[in-house]
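Close look at the chain arrangement
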Amino acid sequence: MTPMRSAATIAGFMSRPPEPSPSLPSERLRVGDCLVDVPLREILAPGARRPRRITPKAMGVLLSLVEHQGRVVSRDALLAEVWPDTLPTNDVITQAITQLRKAFDDERGNPRYIETIAKNGYRLLTPVTWLDAVVSAGATARSERNDRARHDAVLVDPSRTTAEHPSFPGPEREDAVAAIPLVAAPSARGAWSSILGAIVAVAVLVGAIVLWSMLRAPAPAPQDARANSAMALPSERPYRLITSMPGFELAPTLSPDASMVAYVAIPERARATAIMVQTTDQTQPRALSHPSGAAEDSAPAWSPDGRSIAFLRVEPGAACRIMVIAANGGAEREVGTCDHRSPPSFDWTPDSHGLVFGSMPTALGVVGMRQLDLASGEWTALNYRRGRADLDTAPRYSPDGRWIAFVRNAPLGDFWRVPAEGGEAERLTELRADVRGWDWLPDGSGLLFGRAIDGDIRMYRLDFDSGRISDTGIADAQNPVAARTRPAAVFVQRKPYFGLYRVAVPEHSGGLVHVVEPLFASSARDVLPSVAPDSRQLVFVSDRSGSNGLWWADLQRPESLRMIAGVQPATRYVSSWSADARSVLVSGRDRAGRPVVHEVVPSSGRVSQLDLPLSEPVQALYLPDPSRILVLAGAGDGHLRLHLFDRRQSPMRPLATIDDVSQVQLDPAGQRVLFTRPTRSGLWQADLALSPGSVRELNAEEPISDRYRLWAVAGDGQVRYLEQLQTCAARLRRIDLGDAPAAPPLCLDQSRRAAVNGFSVSPRGDAVYVALVEWDGADIGYMDLLQAPKTEVPGWFK
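Residues numbered from 1 in each chain as written. Predicted model: local features only at pLDDT ≥ 70, side-chain atom pairs only at ≥ 80, totals over all residues. Heavy atoms only, no water.

What about the overall build of the chain?
As a reminder of what qualifies: Numbered from the N terminus, helices here are DSSP runs of H or I no shorter than four residues, and strands are runs of E no shorter than two. Working definition: with a 1.4 Å probe on protein chains only, accessible area under 20% of the residue-type maximum means buried, over 50% means exposed, and in between means partly exposed. Should any heavy atoms of two residues lie within 4.5 Å, those residues are counted as being in contact.
When its secondary structure is counted, the chain shows seven helices and 60 strands. Residues counted as buried form 57% of the 798 residues belonging to the chain. Contacts in the chain between residues far apart in sequence, at least 24 positions, make up 52% of those at least 6 positions apart.

So this is what it looks like as structure tokens:
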């Protein structure tokens, strides 16, 4: 299984959406022309391609407005009902209302759904009808039911841990749904006598109905078409969610017969991640492993014989251990060690007697795939051909045991395979993709895998015989794992949302306590903030318009926020500003989907495309000399190479290169470039000419290789690094370069993690601009693999 790189990322995150409460009148309701699914927290507006998912708090606000439909609900009342026992600001209500208006496709200036009553509150304007259920005799308790639904939203209160769930797009619904009117009834929180009277009345009514039905003629009456259509809503979802723990669940693995699933989660009253086990019928999970101290468990893998589960136990900054435990519980056994800076990926051998590992760093450099014999503890290298810089991860034996398939050179990776006994490696795909987990289909006919493309993650299926790669139709799905003896699979469904924040650094602010200041209200995914050298301008990537776009703002005038047209940005690297703060380089794609570098002038909105003699640019940087530019680009088979160009010619003239680079940043104070490598942890430097003799290692430990984008350079040359711990989900500190006194770390947020694709530091080093998670969560989905997907994706199969 692909390891979960830092299990501390789970700490403090919120629970999954509450299960549908049987006490609500129904799971679905119609609000005006929109359909609302309460348990899924989805709103489908007319003409929308698919539903929009809202946060638990926004659903709590909506239910409160529904309960008081047509009447004004004050902001104080909403705070008391939806955010009880907390001290949130009024901004939380504004954000919830904004999200609801977006979901309803409503306009604040000309509202059709939610009206703002100045200095008072809000009012729901449109009629409401509940669907899918006949209102029961308990309709008088509807107020209590809505209170219960809002209480469920409190269980995932962002003001308590400052984080919430992801938004998982659901299935499109095109079938007409006939409404069943909701019977109006007064709210009752009555005395015991009233309750007892209601029970007796219901019992008498039921008895009378039963007697009448027994005396009635046997011929059945035709069913009401409206009720029939409302009760027979078809489900287009080809899967079901099977986990229900608070928090979220990652890295699933299936028992061979698909009856059980193990995954990574934080047990109740615990702070560290452990391996959890439950049935795939959504039963209560139990903790299988029990880490202690700062250690956390991750990456479970179920053995082919069904008897054991292997996993990793990582103590950040200290140790990495390979563990095995019986699938039904018992003593944990350490079978090997690994590098805590780069936890390995692995899978079982077909006989369940050993484990096969992907590339691992050693004192002699990166080694290829190896096998660990569990009985003897001996390591054996797999004899196959690979380049010295090739990074082969996520190995999996085929169901018949003849092949080992793996991903080579992520994040521009492809699938390869090699005979199980070793030999020549064969390339299977032309993806050049950020693969998010994969597995063989149970019959060995193909592969199932997740892929991230510019922030969107979907699951695909590769068929060997036809050479087709098909979209499964499941959005936000990753880390699929198939059963060995049954056509079934599990996967993670996850989509975090982020907001942008400015954090003052105390050492540059007179020793004051740091302040985390939100920049722009959003219910979308805002990432990759890049502050300009003038400290006034900021660009970032956001899908607040419906798809990823490049946004710009003058930080002194928040109302200036706007999207720059003509740019389809990528979501892998922070954009680079010119020294005069007039233009910015943005990696992205052209209209044909080809990787390009855009040069953008925010003041005028002018966008041009650099004429590069490269096919896969992924990052670009300005240099102090405006005639020169740095470009990081693919160099074939997933490798990355840093290029120096003279941009006075077209196409640009290459001047120098450095191989094996994963990210590069400019240190203007030191007149040098700093970079990381994909195959090992650490930080390197080179001069601005990329002279071979200037390349040297500055730090051998940090950044760790799988957090290669979570560092940034301040104007004074100091390197800031973001890490995640059990005690602090987003901690900022300096990387020691041996040229400055040590400074204490700064916890930006104890429970909200930072986005993993980058941040920026102000030129003076007095502030950090970072994307922190607004709501996050993940659930395990279960699906049958009986039907092949219908949507083919051309051009990915070799």
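Re the sheet that holds strand S56 (residues 746–749)
Selection criterion: When DSSP finds at least two bridges between two strands, those strands are taken to pair. Lines fitted to C-alpha atoms define the axes here, with helix axes fitted over just the stretch in contact, and angles between the N-to-C directions of these axes take values from 0 to 180 degrees.
An order of S53-S54-S55-S56 is seen for the four strands of this open sheet, with the pairing classed as antiparallel. Edge strands, defined here as strands with exactly one partner in the open sheet, are strand S53 (711–713) and S56. The average angle at which neighbouring strand axes cross in this sheet is 25 degrees, direction not considered. Taken together, the three bridges between S53 and strand S54 (residues 719–723) define a ladder with antiparallel strand orientation. Paired with Val713 across the strands is Val719, a residue of S54.

Concerning the state of the cysteines
Just so we agree on the cut-off: Our working definition of a disulfide is a cysteine sulfur pair at a distance within 2.5 Å.
Inspection of the entire model under this criterion finds two disulfides. Residue Cys320 pairs covalently with Cys338 via a disulfide, S to S 1.8 Å. Because the torsion about its S-S bond is -70 degrees, the bridge between Cys320 and Cys338 counts as left-handed. Of the two residues, Cys320 sits in strand S16 (residues 319–326) while Cys338 sits in strand S17 (residues 333–338), which places them 18 residues apart along the sequence.

Quick word on the sheet that holds strand S9 (residues 240–241)
An order of S9-S59-S33-S32 is seen for the four strands of this open sheet, with the pairing classed as antiparallel. With partners counted over all chains shown, the strands left at the sheet margins are S9 and strand S32 (477–482), one partner each. In the sheet, strand S33 (residues 488–494) pairs with strand S59 (residues 778–784) via seven bridges, with the strands oriented antiparallel. Looking across to S59, one finds that Phe491 is bridged to Gly781.

Notes on the pairing of strand S7 (residues 121–124)
As paired elements, strand S5 (residues 72–74) and S7 share three bridges and run antiparallel to each other. Looking across to S7, one finds that Val73 is bridged to Tyr122. Of the pairings in the sheet, the one linking strand S6 (residues 114–117) to S7 comprises four bridges and is antiparallel in character. Paired with Ile117 across the two strands is Gly121, which belongs to S7. Taking the residues that link successive antiparallel strands as the turn, the S6-S7 hairpin has three residues, and the phi of Lys119 there is positive, at about 60 degrees.

What about the nonpolar core?
Cut-off, in case you're wondering: Residues enter a nonpolar core if they are buried and are Ala, Val, Leu, Ile, Met, Phe, Trp, Tyr or Cys, with the set joined through side-chain atoms within 4.5 Å.
Ile43, Val61, Leu100, Phe104 and Ile114 are the most contacted members of the largest nonpolar core, which totals 32 residues. Of all the secondary structure elements, the ones that give two or more residues to this core are strand S1 (28–31), strand S2 (34–37), helix H1 (56–67), helix H2 (75–82), helix H3 (91–104), S7 and strand S8 (128–131). Residue contributions to this core peak at seven residues, all from H1. In this view, Val61 contacts Leu78, Val82, Trp83, Ala96, Ile97 and Leu100; residues no more than four positions away in its chain are not counted. Formed by 29 residues, the second largest nonpolar core is a distinct cluster that contains Ile242, Leu250, Ala258 and Trp302.

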